[in-house]
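# Secondary and tertiary structure notes
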Amino acid sequence: MNYLKAVMQNDEQLKIDELKNIISIGKKLNKDIRPDEKKLEILLGRQISINSKTTNKLPENNIEKNQVKEKVVIKNEPENNILKTESLNIDTVSPIRSISTNENKIVVKFNKNYVKNDIKQISQKIASNYVYSFDIVGKYKYTIPTKLEINNIDNISVNDEKASVNIKISNKENTKITYSLAPRELIITVNNQQLNVATKKESPKTIETPLNLPSSITSSIKSESKPRNKVIVLDAGHGADDVGAVGPNNRYEKVINLNVTKYVGAILKQRGYTVFLTRNNDTFIKVMDRTVLANEKNADLFISIHTNAVPKEKANEVDGIETFFLSPARNERAKRVAALENKTDIREMSNSSKDVFLESLNRPRITASHKFAIDIQSGILQSARSKYKDIKDSGVREGPFWVLVGAQMPSILVELGYVSHPTESKRLYDKAYQQLLANGISNGVDSYFSKNP
């Protein structure tokens, strides 16, 4: 209990002291203390490293992070087990990643670098309307379900062309529009309200470039994009003998979790994130050890990926996607799902002790996790419903998931669907659907960082 509180408080010295106590007691009781000894070794090594840096008066840096920036690394796996994301075939990744609105902006994000020749802009007056058209080279998988709205603008449409996507803004009043193009992002700003402020504060690398456009259209092109410099740790739930939930025809949760996790890792790495997986094969990691990697790597986010289930008598009745964040459970459903996912946890605590501990959790981190869960849930639903309109939204919920307890960053647990449900189970085992889910999770990560840089 004291060690868990030390983890939540991020008190390194207290963690070391409590681990020493746990190891001492464990030896007397003939318990397996190897995991605790490994944690202590890591903490002591980190402490020595910090002391060494302080002694030498060197500035704090992220040497370890820089060394692994281009890798998707597996906890406790040899170097040759590094996941080579470039070799994965991700069907769902197209040049255009997402199209959305944010206040008076239309934001288009790309999976590759774009230049000004990839964007064609035309403005004209058609009948009594002023029409501003942006033709963007490439394809976008979710054109049909994309609906864009901006206050005081009559209509915004998104349509597929032969080899491009067309965004058309139509308004009865002559509206001033600007757009800013970075290699992986296009921002179209209506009325120029926010862009004028931003332009004054831009660094010298941002230049205003006239492209022979009408007077109502201007553009700014950033000469280079900034790296995301964000670290994500992905956890595929269960593994090995712990198969997790089991659906019809022996469809195992552990298989779905791992496949989707690998796809998410590949997509996020393509988008510029540094990604680590707790496992990349059919192995088992103790629940209490899954956040160790996230803390070691100073991760910005932790995502544990799971699949849900209910007893056979209710299998035909319950389906849907839901996302959880760590908090004392508020209802019986959250308690049921948490109990299912927590059953392999070896932590021995009474119910009252667990309640006390959960109530002592860091509230700002819970709030951040809640926001993160909302973005992930929204991203998954939008992606999955682009092919299956009947996907059920089971919502964002709070629950006592012990796999999230040790994380020192915003953390969530995703339930991708019910492997017990006859129809949803088949989808969850389908490669194309797994990739849709992975793309949705990745979009949720993008969305969270766009609001919380």
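What counts as what
- The numbers attached to residues start from 1 for each chain and follow its sequence in the written order.
- In keeping with the model being predicted, local features are shown solely for residues with a pLDDT of at least 70 and side-chain atom pairs are shown and tallied solely at 80 or more, while totals for entire chains, interfaces and linings include all residues.
- To obtain the side-chain values, all non-hydrogen atoms of the structure were used and water was disregarded.
- Each helix is a run of H or I in the DSSP string that is no shorter than four residues. Each strand is a run of E no shorter than two, and both are numbered from the N terminus.
- Three exposure classes are used, based on accessible area relative to the maximum for each residue type with a 1.4 Å probe and protein chains only: buried under 20%, partly exposed in between, and exposed over 50%.
- Residues are treated as being in contact if the distance between any of their heavy atoms lies within 4.5 Å.
- Areas reported here follow the Shrake-Rupley algorithm with a probe of radius 1.4 Å; residue values treat only the protein chains shown as occluding.
- Aromatic pairs are defined between Phe, Tyr and Trp rings, using the six-membered ring for Trp, whenever the two ring centres lie within 6.5 Å; interplanar angles under 30 degrees are classed as stacked, those over 60 as edge-to-face, and all others as tilted.
- Each residue after the first adds 1.5 Å to the expected span of a helix.
- Salt bridge, as applied in this entry: a Lys or Arg side-chain nitrogen positioned within 4 Å of an Asp or Glu carboxyl oxygen.
- Joining through side-chain atoms within 4.5 Å is the link that ties buried Ala, Val, Leu, Ile, Met, Phe, Trp, Tyr and Cys residues into a set, and such a set is a nonpolar core.
- Strands were regarded as paired on the criterion that DSSP finds at least two bridges between them.
- Between N-to-C directions, angles cover 0 to 180 degrees, with each direction set by a line fitted to C-alpha atoms, over the stretch in contact for helices.
- Whenever a nitrogen or oxygen atom comes within 3.5 Å of another N or O atom, the pair is scored as a polar contact, on the condition that within protein one atom can donate a hydrogen and the other can accept it, and that pairs from neighbouring residues in sequence are kept only if both atoms are in side chains.
- Every residue is assigned a pLDDT by the predictor, reflecting its confidence on a scale from 0 to 100.

## Brief notes about the overall build of the chain
Regarding its fold elements, the chain presents twelve helices and 19 strands. Taking all 453 residues of the chain together, 51% fall into the buried category. Sequence separation of at least 24 residues holds for 74% of the intrachain contacts in the chain that already meet a minimum separation of 6. Summed over its atoms, the accessible surface of the chain is roughly 22200 Å², and 48% of this surface lies on carbon and sulfur atoms.

## A few points about the packing of aromatic side chains
Per the stated rule, a full pass over the model turns up six aromatic pairs. Seen from their ring centres, phenylalanine 134 and tyrosine 179 are 5.4 Å apart, and the 85° between their planes marks the pair as edge-to-face. With a gap of 45 residues between them, phenylalanine 134 in strand S5 (residues 129–137) and tyrosine 179 in strand S8 (residues 177–182) connect regions that are remote in the sequence. Neither phenylalanine 134 nor tyrosine 179 differs from the other in exposure class; each is buried. Arranged with centres 5.7 Å apart and planes meeting at 70°, the rings of tyrosine 448 and phenylalanine 449 form a pair that is edge-to-face. One aromatic cluster is present, built from ring pairs that chain together Tyr273, Phe372, Tyr448 and Phe449.

## Observations concerning helix H2 (residues 12–28)
End to end, H2 covers 25 Å across 17 residues, agreeing with the expected 24 Å (1.5 Å per residue, within 8%). In the segment just after H2, asparagine 30 is the residue with positive phi, at about 60°.

## Describing the pattern of salt bridges
Per the counting criterion, the structure on display carries seven salt bridges. Its salt-bridge partner being aspartate 282, residue lysine 254 comes within 2.9 Å of it at the nearest N-O pair. You can see lysine 254 sitting in helix H6 (residues 253–270) and its partner aspartate 282 sitting in the loop between strand S15 (274–277) and helix H7 (292–296), a full 28 residues away along the chain. Its relative accessible area of 11% is what places lysine 254 among the buried residues. Accessibility expressed as a relative area gives 44% for aspartate 282, which makes it partly exposed.

## Topic: the nonpolar core
If you look at the biggest cluster of nonpolar residues, it comprises 67 residues, and the most contacted ones within it are Ile99, Ile106, Ile303 and Val445. With residues near it in sequence (within four places) discarded, isoleucine 106 still touches Ile99, Ser100, Thr101, Leu148, Ile150, Ile156, Ile167, Ile169, Leu186, Ile187 and Ile188. Counting 18 residues, the second largest nonpolar core, distinct from the first, contains Val233, Leu326, Phe401 and Trp402.

## Here's the deal with the sheet that holds strand S7 (residues 164–171)
Reading across from one edge, S4-S5-S7-S6 is the order of the four strands in this open sheet, with antiparallel pairing throughout. Each edge of the sheet is formed by a strand with only one pairing partner; in this case those strands are strand S4 (119–126) and strand S6 (155–160). Direction aside, neighbouring strands of the sheet carry axes that sit 15° apart on average.

## So, the pairing of strand S17 (residues 321–326)
Successive side chains on a regular strand alternate, one facing one side of the sheet and the next facing the other. With six of six residues buried, S17 is to be regarded as a mostly interior element. On S17, burial covers both faces: Ile321, Thr323 and Phe325 on one face and Glu322, Phe324 and Leu326 on the other are all buried. Sheet topology places S17 next to strand S18 (residues 393–399); six bridges connect them, and they run parallel. Residue pairing across strands places leucine 326 opposite glycine 399, the latter belonging to S18. In the sheet, S17 pairs with strand S19 (residues 411–418) via four bridges, with the strands oriented antiparallel. Paired with phenylalanine 325 across the bridge in S19 is isoleucine 412.

## Some details on the environment of asparagine 308
Here asparagine 308 lies in strand S16 (residues 301–308). Judged by its relative accessible area of 0%, asparagine 308 falls in the buried class. Put simply, asparagine 308 and aspartate 319 are eleven residues apart on the chain and 8.6 Å apart in space, counted from C-alpha to C-alpha. Side-chain polar atoms of asparagine 308 contact the side chain of tyrosine 418, separated by 3.3 Å.

## Regarding helix H12 (residues 431–451)
In this model, H12 (21 residues) spans 31 Å end to end at C-alpha, consistent with the 30 Å of a helix rising 1.5 Å per residue. With respect to burial, H12 is a largely interior element, 16 of its 21 residues being buried. The backbone nitrogen of alanine 432 has a side-chain oxygen 3.3 Å away, supplied by the residue at the start of H12, namely aspartate 430.

## A few points about the confidence of the model for the chain
Atomic detail in the predicted coordinates should be set aside for any region of low pLDDT. Averaged over all residues, the pLDDT of the chain equals 75, while 69% of them reach at least 70. In the model of the chain, strand S10 (residues 206–208) stands out as the element of lowest mean pLDDT, 27, in contrast to helix H11 (residues 422–428), which has the highest, 96. Low pLDDT, under 50, characterises residues 192–227; the predicted model gives this stretch 60 contacts beyond four residues in sequence or across chains. Taken as a whole, residues 343–350 scores under 50 in pLDDT and shows 18 contacts with residues more than four places along the chain or in a different chain.

## Concerning the side chain of aspartate 235
Counting through the fold element by element, aspartate 235 comes out in strand S12 (residues 231–236). Polar side-chain contacts of aspartate 235 include one of 2.6 Å to the side chain of serine 304. Ignoring sequence-local partners within four residues, the contact set of aspartate 235 consists of Thr261, Thr278, Arg290, Phe302, Ile303, Ser304, Ile305, His306 and Val403.

## Thoughts on the pairing of S12
Of all six residues making up S12, six are buried, and the element is well covered by its neighbours. Burial along S12 is two-sided: the residues Val231, Val233 and Asp235 and Ile232, Leu234 and Ala236 are all buried. Sheet analysis places S12 next to S15, joined by four bridges and oriented parallel. Following the sheet pairing, valine 233 is matched in S15 by phenylalanine 276. Relative to S16, S12 runs parallel, the two sharing five bridges. From the neighbouring strand, leucine 234 faces S16, where its bridge partner is isoleucine 303.

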